[in-house]
Amino acid sequence: MASDVGSNQSVERALTVLRVFTAGRSELRVSDVAKLADLGLSTASRLLATLEAAGFVDRDPVSGLYRLGLDTVSLGGAVLNSHPVHREARQIAQNLAADLGLGVNVAVRRDASLFYLLNFEGRQAPRSFVLAGQRNPLHATGLGKSLLTGLTPVERRGLLPPSALVGYTPRTITTHEKLDAELELTAARGYGSELEELALGRACVAAPIRDGAGTVVAALSVSGPLSAIDLQSREVALSRMVIEAADSISIGLGYVGPAHHPSAVSL
């Protein structure tokens, strides 16, 4: 029993070490890892050596800095390739990004945040990094609003306490009353939008994706800089294309008809 406990702790600590590389800086010293993972220096060093031998972290021979190893890409690829939403959405999202020249993203909800499954960038919305695997807040994004339509107001308040409704820009919704109204509109028209609520100079249009039971399991968005997405004149056209793409993915997941919208349920 004691051996099992020790093995479990080692696994948990190793996973904690891997997660510190996803929280910001991509290259870290042993001391950085120890601090961020709340581990002793010798423990962090030992775990990093084990992970390096397994191919999950790499050490730069000149600087001595550690980064995630390429073997983690194999794991991530296997996870994505086995995910039903990713399988159904990949080609549809890629085609939409090519047609519009904008960014197209697909995300699911992981606890109190959205988690990007995939993203494709069009020529008018380039990025120097991959969004897949990253997280963003639910209340300040079009994707998040679409995902939240799958919850009742009571469930939303349980998931997102008032302190979680952080203001990122002057446009961010920071009260549940305003969020309720926004989500009622999102559910009624079939898509959500976001205009400089998470970051200045950017906007998006998003729609929910449903499974065979009619449950909101993911969302798809079109996003980009204001100059490219031009919501004032293109929102109607973009929302139609986003809804059609999300519906195509939903059909692939087995969705065959209209679903109840719990966001309309009153408190």
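Residues numbered from 1 in each chain as written. Predicted model: local features only at pLDDT ≥ 70, side-chain atom pairs only at ≥ 80, totals over all residues. Heavy atoms only, no water.

The name that an unreviewed UniProt entry assigns to the chain is IclR family transcriptional regulator, with the source organism given as Dactylosporangium maewongense.

Please explain the pattern of salt bridges as it appears in this structure.
Pairing is possible between side chains of opposite charge, provided their charged atoms come close. The final tally for this structure, using the stated rule, is nine salt bridges. For the salt bridge of Arg-67 with Glu-27, the shortest nitrogen-to-oxygen distance reads 2.5 Å. Highlighted residues: Arg-67 in strand β2 (residues 66-68) and Glu-27 in the loop between α1 (2-20) and α2 (30-37), separated in sequence by 40 residues. For Arg-67, a relative accessible area of 29% puts it in the partly exposed group. In this structure, Asp-180 engages Arg-156 in a salt bridge whose closest nitrogen and oxygen atoms are separated by 2.9 Å. Of this pair, Asp-180 sits in helix α8 (residues 176-189) while Arg-156 sits in helix α7 (residues 153-159), placing them 24 residues apart in sequence. Of the two residues, Asp-180 and Arg-156, both sit in the buried class. (Salt bridge = Lys/Arg side-chain N within 4 Å of Asp/Glu carboxyl O. Helix = DSSP H or I, 4+ residues; strand = E, 2+ residues; numbered from the N terminus. Buried < 20%, exposed > 50% of the residue type's maximum accessible area, 1.4 Å probe, protein only.)

I tried to follow the packing of aromatic side chains on my own but got confused; where do I start?
For any pair of aromatic rings, the description rests on two quantities: the centre-to-centre distance and the angle between the ring planes. Applying the stated criterion across every chain yields a total of zero aromatic pairs. Positioned over the ring face of Phe-115 is Arg-110, at 5.8 Å from the centre of the ring. The ring of Tyr-191 has Arg-189 sitting right over it, with the charged end atom 4.1 Å from the ring centre. (Phe/Tyr/Trp six-rings, centres within 6.5 Å; stacked < 30°, edge-to-face > 60°. Lys NZ or Arg CZ within 6 Å of the ring centre and 35° of its normal.)

How should the environment of Asp-211 be read in this particular structure?
Note on placement: Asp-211 falls in the loop between β7 (202-210) and β8 (216-225). Taking the C-alpha atoms as reference points, Asp-211 and Arg-67, separated by 144 residues in sequence, lie 37 Å from one another. Residue contacts for Asp-211: discarding those within four places in its chain leaves Val-217, Leu-253 and Tyr-255. Of the polar contacts made by the side chain of Asp-211, one reaches the backbone nitrogen of Ala-213; its length is 3.0 Å. (Contact = heavy atoms within 4.5 Å. Polar contact = N/O pair within 3.5 Å; in protein donor to acceptor, adjacent residues only side chain to side chain.)

Explanation requested: the environment of Gly-55 in the structure shown.
For Gly-55, the position within the fold is in the loop between α3 (41-53) and β1 (57-59). Distance in space between the C-alpha atoms of Gly-55 and Gln-91 is 31 Å, their sequence separation being 36 residues. Leaving out residues up to four positions away in the same chain, Gly-55 has contacts with Gly-69, Leu-70 and Asp-71.

Help me out: how do you make sense of the pairing of β7 in this one?
The two faces of a sheet get side chains in turn, since along a regular strand they alternate between them. Most of β7 sits inside the fold, with eight of its nine residues counted as buried. The antiparallel hairpin formed by strand β6 (residues 192-195) and β7 contains six residues in its connecting segment, where Glu-196 sits at a positive phi of about 55°. Where β7 lies against β8, nine bridges are found, and the strand directions are antiparallel. Of the residues in β8, the one forming a bridge with Arg-210 is Val-216. Turn length for the β7-β8 hairpin, with the two strands adjacent in sequence and antiparallel, is five residues, and the turn residue Gly-214 shows positive phi of about 85°. (Pairing = 2+ DSSP bridges.)

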